[in-house]
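Report on the structure
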Amino acid sequence: QVQVVESGGGSVRPGGSLRLSCVASGHIDRINSMAWYRQAPGKPRDLVASISSGGTINYLDSVRGRFTISRDNAENTVYLQMNSLKPEDTAVYYCNAEGMRSDYLQNFNSWGQGTQVIVSS
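Owing to the predicted nature of the structure, the values given are computational and were not obtained by experimental measurement.

Here we come to the overall build of the protein chain. When its secondary structure is counted, the protein chain shows 0 helices and 11 strands. The secondary structure elements of the protein chain, listed N-terminal to C-terminal, are β-β-β-β-β-β-β-β-β-β-β. The dimensions of the protein chain, computed from C-alpha atoms along their principal axes, are 50 × 25 × 20 Å. Taken over 121 residues, the protein chain has a buried fraction of 41%. A separation of at least 24 residues holds for 56% of the contacts in the protein chain among residues at least 6 apart in sequence. Accessible surface, the protein chain: about 6,300 Å² in total, of which carbon and sulfur atoms supply 45%. Each charge class in the protein chain can be summarised by its mean position, and for the 11 positive and 10 negative side chains these summaries are 6 Å apart.

Here is the structure:
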């Protein structure tokens with residue numbers, strides 16, 4: 001089993017910053033991709049940013065230039081630095097990790113429980 005745990009959400013005024021962290025733990029042989037998604041009430045879950053083990057990064061157009069994803073492969077950790085936050089960034093942010101388990105050598109695709117981000121004046 002592979003667990004994913006997020007932290008770092010909270011409330012902030014427009015223009016402010018937050019940093020989200022996510023750690024994957026358990027029977028991990030390797031992690032291929034780590035990503036952040038978000039879901040606002042009544043809306044689908046959207047991919048915000050992703051980063052591969054080789055460092056390939058993708059961003060949602062609306063956050064490019066404001067958010068930065070980074071990864072510590074040795075610690076199975078991914079971060080999301082969010083600057084210049086806007087009210088429309090308000091959502092529950094979820095971490096996702098995909099890779100290979102070390103116990104059964106099977107693929108895994110694990111989600112965290114989510115962390116709330118509220119941007120409001």
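Continuing now.
Let's shift gears to the state of the cysteines. Taken as a whole, this structure holds 1 disulfide when the rule is applied. For cysteine 22, the disulfide goes to cysteine 95, at an S-S distance of 2.0 Å. Here the disulfide of cysteine 22 and cysteine 95 is left-handed, its torsion about the S-S bond being about -80°. Linking cysteine 22 in strand 3 (residues 18–26) with cysteine 95 in strand 9 (residues 91–101), this pair joins segments that are 73 residues apart in sequence. Side by side, cysteine 22 and cysteine 95 carry an identical accessibility label, which is buried.

With that settled, the discussion passes to the sheet that holds strand 3. Taken in spatial order, the 4 strands make up an open sheet running 1-3-8-7, and their pairing is antiparallel. Strands at the two margins of the open sheet, each flanked by one partner only, are strand 1 (2–7) and strand 7 (67–72). The sheet shows a mean angle of 15° between the axes of neighbouring strands, direction not considered. For strand 1 and strand 3, the ladder comprises 6 bridges, and the chain directions are antiparallel.

The next subject is unusual backbone geometry. Residue asparagine 76 is not a glycine yet carries a positive backbone phi of 50°. On the secondary structure map, asparagine 76 appears in the loop between strand 7 and strand 8 (77–82). By relative accessible area, asparagine 76 is classed as partly exposed at 23%. Even without glycine at this site, leucine 105 takes up a positive phi of about 50°. Inspection of the secondary structure puts leucine 105 in the loop between strand 9 and strand 10 (107–111).

This part takes up the pairing of strand 3. The sheet contact formed by strand 3 and strand 8 spans 6 bridges and is antiparallel. Paired with leucine 18 across the bridge in strand 8 is methionine 82.

Turning to the nonpolar core, a few remarks are in order. Judged by nonpolar contacts, the single largest core of 29 residues is most densely connected at Trp36, Leu80, Met82 and Tyr93. Listing elements by their share of this core, those giving two or more residues are strand 1, strand 3, strand 4 (28–39), strand 5 (46–52), strand 7, strand 8, strand 9 and strand 11 (115–119).

Using the criterion set out here, one finds 5 salt bridges in the structure. A salt bridge links arginine 64 to aspartate 61, with the nearest nitrogen and oxygen atoms 2.7 Å apart. Here arginine 101 ties to aspartate 103 by a salt bridge, and the two come within 2.7 Å at their closest N and O atoms. For arginine 101, a relative accessible area of 18% puts it in the buried group. Of the residues examined, aspartate 103 reaches a relative accessible area of 31% and is grouped as partly exposed. Among the charged side chains, a network of salt bridges with common partners joins Arg38, Arg66 and Asp89.

Reading the values: rules and limits
- Residues numbered from 1 in each chain as written.
- Predicted model: local features only at pLDDT ≥ 70, side-chain atom pairs only at ≥ 80, totals over all residues.
- Heavy atoms only, no water.
- Helix = DSSP H or I, 4+ residues; strand = E, 2+ residues; numbered from the N terminus.
- Buried < 20%, exposed > 50% of the residue type's maximum accessible area, 1.4 Å probe, protein only.
- Contact = heavy atoms within 4.5 Å.
- Areas by Shrake-Rupley, 256 points an atom, 1.4 Å probe, with all protein chains shown as cover.
- Lys, Arg positive; Asp, Glu negative; His and termini not counted.
- Charge placed at Lys NZ, Arg CZ, Asp CG, Glu CD.
- Disulfide = S-S within 2.5 Å.
- Pairing = 2+ DSSP bridges.
- Axes fitted to C-alpha atoms, helices over the stretch in contact; angles between N-to-C directions.
- Core = buried A, V, L, I, M, F, W, Y, C linked by side-chain atoms within 4.5 Å.
- Salt bridge = Lys/Arg side-chain N within 4 Å of Asp/Glu carboxyl O.

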